[in-house]
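# Reading the structure
Each chain is listed here by its residues.
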Amino acid sequence: MTTIAEIGQAHDGSLGMLHAYIDALATTGVKAVKFQTHIAAAESSIHEPFRIKFSKQDATRFDYWKRMEFTQDQWNGIGAHCKEAGLTFISSPFSNAAVDVLEEAGVEIYKIGSGEVNNFLLLKKVIDTRKPIIISSGMSSYSELDKTVAFLKDHNVEFSILQCTTSYPTQPQQYGFNVITELKERYGVPVGFSDHSAKVATGIAAVALGASIIEFHVVFDKKQFGPDVTSSLTISEVKQLIDGVKSIDKALQNPVDKSTNDDVKSLKAIFEKSLAINKDLPKGHVLKFSDLEAKKPKGYGIDAASYKEVIGKPLKKAMQQWDFLNEADIAL
């Protein structure tokens, strides 16, 4: 099971904040940390639409991407810190130039964001690194994914796909849990779930439904500034999620065999019951349903499951309330 904490732009352009996230996430049990590598001049232009008016600080979306940039030396330090913290270093490049930066920084896995899945120029650049690739399916139809998957398979590259809904925060009716199985059956590759719901339960449910990768956004505080804050988990929520995911993953790897109950034989002897008489009854009394009770433990009388066999049968002797009822006590 791969668990990926997405920092994205939660650092708001602060290198110190980014490194603080790495240290915090290293305490949660998450396996990997993911970033976004932006080089504004290479990926965008001043003509990019103002997709979400969220910033009083940035005049344009382009200016925002500029503020999210880090230098090559800074990315090298980020990669080194991830290694020191025991976290797999993952990032989403948004330009071919960003791939060059990440290669020097020692990125281990590439994540292809939803808006880049049909960018075959970027895909080819990433493929040539021979690093594993994770594809996010958020903006792609099956016909589009078919082409991308064919392109990846033609190049014999290791890749996986995440079910993702590009809506922040994602509502329950948008999760698309059914797509996890559909992607597995359609493409025959590992499939995961990219979560933007800001709820611990969503990721746990996705694992129970077959996701082998869970990706989720993280933020120190949900009052922080940023486009993904409302779609993120806090550090304490990440710990809850990881604990839950580990439990569900372990459960899935240990199926229970209900064709046998040998492991509970001793408990059955204690908790299962024998037939007994619920009132004083004289010799010759013909037993009715209302005369019977079932009492622990099993083996001291006729099994409670066989009560129909004694109804209508006369007693061979007088019996007292709560006596166990055995075959020797009735005329069969």
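In this text the structure is predicted, and so the values were computed from the model without any measurement. (Residues numbered from 1 in each chain as written. Predicted model: local features only at pLDDT ≥ 70, side-chain atom pairs only at ≥ 80, totals over all residues. Heavy atoms only, no water.)

## Re the overall build of the protein
Filter applied, for reference: What counts as a helix is a DSSP run of H or I of at least four residues, what counts as a strand is a run of E of at least two, and both are numbered from the N terminus. Only protein chains enter the accessibility calculation, which uses a 1.4 Å probe; a residue is then buried when its area is under 20% of its type maximum, exposed when over 50%, and partly exposed in between. To be clear on the numbers: accessible area is Shrake-Rupley with a 1.4 Å probe, and residue cover counts the displayed protein chains and nothing else. Positive residues here are Lys and Arg, negative ones are Asp and Glu, while His and the chain termini are left out of the count. A charged residue contributes its charge at one atom only: NZ of Lys, CZ of Arg, CG of Asp or CD of Glu.
A tally of regular secondary structure across the protein gives 11 helices and 11 strands. With respect to the principal axes defined by its C-alpha atoms, the protein has extents near 100 × 45 × 35 Å. Within the protein, the proportion of its 332 residues that are buried is 45%. Only carbon and sulfur atoms are counted for the fraction: they give 54% of the accessible area of the protein, which is about 16400 Å². Counting 38 positive and 41 negative side-chain charges, the protein places the averaged centre of each group 8 Å from the other.

## So, helix α10 (residues 235-252)
Under the convention used in this document: To estimate the expected span of a helix, count its residues, drop one, and scale the result by 1.5 Å. When checking whether two residues touch, look at their non-hydrogen atoms; a contact exists if any pair is within 4.5 Å.
Between its first and last C-alpha, α10 extends 26 Å over 18 residues, near the 26 Å set by a 1.5 Å rise per residue. Taken together, the buried positions of α10 are occupied by Ile235, Glu237, Val238, Leu241, Ile242, Gly244, Val245 and Asp249. In this structure, the buried residues of α10 make contact with β1 (2-8), α1 (15-25), α9 (200-208), β8 (213-218) and β9 (232-233).

## A short note on the packing of helix α7 (residues 142-154) against helix α8 (residues 178-187)
Formally: A fitted line through C-alpha atoms serves as each axis, taken over the contacting stretch for helices, and the angle formed by two N-to-C directions is quoted from 0 to 180°. In these notes the angle categories are as follows: under 35 degrees is roughly parallel, over 145 is roughly antiparallel, 65 to 115 is roughly perpendicular, and the rest is oblique. Here a crossing is called left-handed whenever its near helix is offset anticlockwise from the far helix by less than a right angle, and right-handed whenever the offset is clockwise.
It is the contact of α7 with α8, at a shortest axis distance of 12 Å, that shows an interaxial angle of 45 degrees. Taken together, the axes of α7 and α8 are oblique relative to one another. The element α7 and its partner α8 pack so that their crossing is right-handed. Residues Tyr142, Leu145, Asp146, Val149 and Lys153 of α7 pack against Val179, Glu182, Leu183, Arg186 and Tyr187 of α8.

## Side note on the packing of helix α4 (residues 72-85) against helix α5 (residues 96-105)
Describing two packed helices takes the angle between their axes plus the distance from one axis to the other. Between α4 and α5, whose axes approach to 8 Å, the crossing angle comes to 50 degrees. Our classification of the angle between α4 and α5 gives oblique. With respect to the hand of their crossing, α4 and α5 are arranged in right-handed fashion. Taking contact as the criterion, the partners of Gln72, Trp75, Asn76 and Gly79 in α4 are, on α5, Asp100, Val101, Leu102, Glu104 and Ala105.

## So, the environment of Phe70
Mapping Phe70 onto the fold places it in the loop between α3 (61-67) and α4. Phe70 sits 57 residues away from Gly13 along the chain, and the two C-alpha atoms are 7.9 Å apart. Not counting residues within four places of it along the chain, the set of residues in contact with Phe70 comprises His11, Gly13, Ser14, Leu15, Leu18, Trp75 and Ile78.

## Here's the deal with the pattern of salt bridges
It is possible for side chains bearing opposite charge to pair when their charged atoms get close. We count it as follows: Each salt bridge in this description consists of a side-chain nitrogen of Lys or Arg and a carboxyl oxygen of Asp or Glu lying within 4 Å of one another.
In total, this model carries 15 salt bridges according to the counting rule given. A salt bridge links Lys125 to Asp100, with the shortest nitrogen-to-oxygen separation between them at 2.9 Å. Placement of Lys125 in helix α6 (residues 120-127) and of Asp100 in helix α5 is noted, with a sequence separation of 25 residues between them. The partner of Lys268 in a salt bridge is Glu272, with the nearest N and O atoms 2.4 Å apart. According to the relative accessible area criterion, Lys268 is partly exposed, its value standing at 25%. A network of salt bridges, in which partner residues are shared, links Asp12, Asp58 and Arg67.

## Details of the pairing of strand β6 (residues 159-164)
Which entries qualify depends on this criterion: DSSP calls a pair of strands paired once it identifies at least 2 bridges connecting them. The crossover handedness rule: strands pointing away from the viewer, path from first strand over the helix to second strand clockwise, crossover right-handed.
Most of β6 sits out of view: six of its six residues are buried. Where strand β5 (residues 133-136) lies against β6, four bridges are found, and the strand directions are parallel. Within β6, the residue paired with Ile134 across the bridge is Ser160. In this fold, β5 hands off to α7, which returns the chain to β6; that crossover is right-handed. Judged from the four bridges that link them, β6 and strand β7 (residues 191-195) form a sheet pairing that is parallel. Bridge assignment links Leu162 to a residue of β7, and that residue is Gly192.

## Things to note about α9
Turning to α9, its buried residues number three or more, namely Val200, Thr202, Gly203, Ala206 and Val207. The elements touched by buried residues of α9 are α8, β7, β8, β9 and α10. A positive backbone phi angle near 115 degrees is found at Gly210, which sits one or two residues after α9.

## Some remarks on the UniProt feature "domain: AFP-like" (unreviewed entry) in the protein
We count it as follows: UniProt positions are given in the numbering used here, feature names are shortened, and annotations may be inferred rather than shown by experiment.
The UniProt feature table records "domain: AFP-like" (unreviewed entry) at residues 274-332. Helix makes up 0% of residues 274-332 and strand 14%, and the two end C-alpha atoms of the span are 18 Å apart.

## Concerning the packing of aromatic side chains
Short version of the rule: Aromatic pairing here means that ring centres of Phe, Tyr or Trp (its six-membered ring) are within 6.5 Å. Orientation follows from the plane angle: under 30 degrees is stacked, over 60 is edge-to-face, and everything else is tilted.
A full pass over the atoms with the stated rule returns 11 aromatic pairs. With 5.7 Å between their ring centres and 35 degrees between their planes, Tyr300 and Phe324 make a pair best called tilted. On the criterion of sequence distance, the pair formed by Tyr300 in the segment after β11 (292-295) and Phe324 in the segment after β11 is long-range, its members being 24 residues apart. Accessibility expressed as a relative area gives 22% for Phe324, which makes it partly exposed. Through pairs of rings, three or more aromatic residues link up here, namely Phe35, Phe70, Trp75 and Phe89.

## Some details on the nonpolar core
Put simply, the rule reads: Nonpolar cores were defined as sets of buried Ala, Val, Leu, Ile, Met, Phe, Trp, Tyr and Cys residues, with membership established by side-chain atoms within 4.5 Å.
Among the nonpolar cores identified, the biggest contains 61 residues, and Leu25 and Phe35 are the most heavily contacted of them. Residue contacts for Phe35: discarding those within four places in its chain leaves Glu6, Ile7, Gly8, Leu18, Ile22, Trp75, Ile78, Cys82, Phe89, Ile90, Ser91 and Ser92. Core analysis: the second largest hydrophobic core is formed by 11 residues, Ile277, Ile302, Val310 and Met319 among them.

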